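Structural overview for review
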Protein chains: 2
Amino acid sequence: MTKSRVTVVDIARAAGVSKSTVSLVLQASPLVNEQTRARVNAAIRDLGYVYNRGAANLRQTASSKIVGIVVNDLTNSFFAELAVGMDMVMQSAGFVQFLANTGESLDRQREVIASMREHGISGLIISPARGTDASDFKPLIAAGVPVVIVVRNIAGAKVSSLLSDNYAGARAATEHLIALGHRRIAFLGGFADTAVSADRIDGYRDALAAGGLAADAALVVNSAPSRAGGVAAIERAMLIADRPTAALCFNDAVAFGVCDGLRARSLEPGRDFGVVGFDDVIEAQTAVPALTTVSVDPQGMGRRAAQMLLKQINSGRVEAEAQVASVRLVVRQSCGTVAGPWGGGASHDTIANDTMGTDRRQHDRP
Amino acid sequence: MTKSRVTVVDIARAAGVSKSTVSLVLQASPLVNEQTRARVNAAIRDLGYVYNRGAANLRQTASSKIVGIVVNDLTNSFFAELAVGMDMVMQSAGFVQFLANTGESLDRQREVIASMREHGISGLIISPARGTDASDFKPLIAAGVPVVIVVRNIAGAKVSSLLSDNYAGARAATEHLIALGHRRIAFLGGFADTAVSADRIDGYRDALAAGGLAADAALVVNSAPSRAGGVAAIERAMLIADRPTAALCFNDAVAFGVCDGLRARSLEPGRDFGVVGFDDVIEAQTAVPALTTVSVDPQGMGRRAAQMLLKQINSGRVEAEAQVASVRLVVRQSCGTVAGPWGGGASHDTIANDTMGTDRRQHDRP
DNA sequence: CAGGATTATTGGATCGTTCCAAATTAGTCA
DNA sequence: TGACTAATTTGGAACGATCCAATAATCCTG
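As the structure is a computational prediction, the values presented were derived from the model and not from experiment.

Some remarks on the interface of chain B and chain A
When the parts come together, some accessible area is lost, and that loss is often what is quoted as the size of the interface. The interface is formed by 52 residues belonging to chain B together with 52 residues belonging to chain A. Here chain B meets chain A over a buried area of about 4400 Å², counting both sides, of which 57% is carbon and sulfur. Looking only at chain B, the three residues that lose the most surface to chain A are B:Thr75, B:Gln91 and B:Glu118, adding up to 14% of its buried area. A salt bridge links B:Glu118 to A:Arg53; the shortest N-O distance between them is 2.8 Å. Counting across the chain B and chain A interface gives 16 residue pairs in polar contact (both at pLDDT 80 or more). When the residues that make up the side of chain B that touches chain A are grouped by side-chain class, the tally is 24 nonpolar, 15 polar and 13 charged.

Encoded structure:
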């Protein structure tokens, strides 16, 4: 039971130097003599000293080595992987991260951001909850705290952002389904009022138009962006008179739900119905049938967002920068085929795994 | 661009009081006059003051309102949900959490714990990486930082722990499979050198013995505790001469992988082969077939671990307490049936959903 | 060996908050 | 009014590390 903590002064006393010298050793300054350094380090070990960053951060020149990360739903693999990607680069950079889950609650989001600020974060990465307003970031900006918005765009926010190319991905996926011969293609899941959903639906609609197919509003079915939402969405979609034969899903979670719902109706995804996801979550590769999906590489996106933030923190300048991560369609076994003018007609998809990109609009990263 | 941050002194000046009074207002002390309080609060709002916890924490009486959470694999839904559960109660308690992923690396674990200590965490919840030694917690204990170990036990560690009743869960699941008429039951996935795995295998073996079945070492197949590992495990299991007709899987991720692997061989899980998982991850309910599994309620476990930690932090006493969370078998559609002396013989499981528990050894929580 | 240049070391003062003892003001009662 | 509470308010001295300016020790070099 050590009562009071060990401080630089204790170390100084033990090593027979001044606290200033100890401080220099702590910062690995080249100014200090090797023998002195050794003596100090020995004392540090012996006394079990732990550096107190809180004290160091008091001097306003210092940066806290803490960043905040705010996501809406950590139980969604997409965000979990995003967080893991960020964790990787943050850890290697010697930063430690506050992570908070908002569950789409604006109140929680406000609270955690306030709390993080009190703890002196030197940067924030956030996937904003639905309904977040650009003005919510004003105080952060005013305080000079760099912010990177990921995944969901907030119009008018004067901060950096890293979004995936939702339009291109949805368009490529839809074009792929059309090329396979599908004519009735649904868009399942997601909420229409989010920018992400809007972009994906735009891509989907434009692909239909380009393929000479009419857009049927009934084929766009909203639902929660979760597995359960997918089950619900496919159920409603199958009630339509002229049933779809394939669907582009809002995300992989929805796609898995759609597969579940299809099986519940004794339809085999990939054979009887084409299913394409969005995100390329880890399970997409191993699921049966392996999910054709638009690969967003959440972990890579997390890493990239972290790098963007670190760059701003280190440069000391808060310059908003908008990056769009390109996506690629990964063709696996779930897309289905329809016999027809173009269609191959084989009952199982034979296109090689993990082929082929589409799109490389900007900022391509190998 | 506010250059220097706003401090209590600025507030004091603006409100025409002393910094001490401002401090009292910040702590909602009843000592201060209502009008003064209002004036101070107005100044706080006007100047956009943010409380600096780092400074407050300097005084050694204060507690930092920060806890550390260390998990091995956030991409595993089990841990993601665990973290979400912890996040819930920590957020409500006004705490903010460092979250770090170790990916089973002992080095990373050491690093992040050290880093968290430097930032002054007032408690730590950890699901230790494989190979963690009890002595790794010595410094924390010496410093009086409460620690709660979750999920995986570390023999000899003098800290609190919250484990699930792996033995009872595995035993109940195995007994259920036996009752359905299965005679060749495999145990798939997980590494034999972990305590969790060992406990579950013990429960499995004892259930077999109690059911008069011989334990066949070949039926226990190790693999990574992941979806991919499950695919690999079932593949190896199907090579055994006298094939199993059902399997208890190390966790749900493995169970899903097993389902994938079965489908790849054109076997339908639940009908042609019984699959039981462990954890009861969210997807277990919605998957098709819905997964029969031992419900550990990861989110609930996270909440409970957080409560244990908070209790210790608030009481100021670091008293190790070992809790075992009871588990219950949730029977869904994946367990399969075998025609036989007991077996019902129906090709689809007909037992009601989400029934019934087994076991209530201790600390039962409704 | 004086004087200058290096190389090492070191007292404070400082960061933003809390807390204690002491001071100020207001209120009560004889 | 003066003494005596009770209610408010307030200077400083911490807390633990950093950093600047200044000092001390060492090494050259003519």
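Points about the protein's contact with DNA strand C
As a structural note, the neighbourhood of DNA strand C is formed by 28 residues, with A:Thr21, A:Thr36, B:Val8, B:Ser23 and B:Tyr49 the closest of them. Contacts to DNA strand C include B:Gln27, whose side-chain N or O atom sits 3.3 Å from a phosphate oxygen. With respect to DNA strand C, the side chain of B:Tyr49 contributes an N or O atom lying 2.3 Å from a phosphate oxygen. Of all the secondary structure elements, the ones that give two or more residues to the surface near DNA strand C are helix H2 (19-26) of chain A together with helix H2 (19-26) and helix H4 (53-58) of chain B. Ranked by the residues each element gives to the surface near DNA strand C, the list is headed by H2(A), at 4 residues.

Description of the relation of the copies chain B and chain A
In screw terms, the move from chain B to chain A is a rotation of 180 degrees and a rise of 0.0 Å along the axis, fitting with an RMSD of 0.1 Å. Viewed as a symmetry operation, the transformation between the two copies matches a two-fold axis. Interface residue correspondence from chain B to chain A reaches 100%, placing this contact among same-surface, isologous pairings.

About the thresholds
Residues numbered from 1 in each chain as written. Chains lettered and ligands numbered in written order. Predicted model: local features only at pLDDT ≥ 70, side-chain atom pairs only at ≥ 80, totals over all residues. Heavy atoms only, no water. Contact = heavy atoms within 4.5 Å. Buried area = accessible area lost by both parts, 1.4 Å probe. Salt bridge = Lys/Arg side-chain N within 4 Å of Asp/Glu carboxyl O. Polar contact = N/O pair within 3.5 Å; in protein donor to acceptor, adjacent residues only side chain to side chain. Nonpolar A, V, L, I, M, F, W, Y, C, P; charged D, E, K, R; others polar. Near = heavy atom within 4 Å. Helix = DSSP H or I, 4+ residues; strand = E, 2+ residues; numbered from the N terminus. Least-squares fit on C-alpha atoms with pLDDT ≥ 70 in both.

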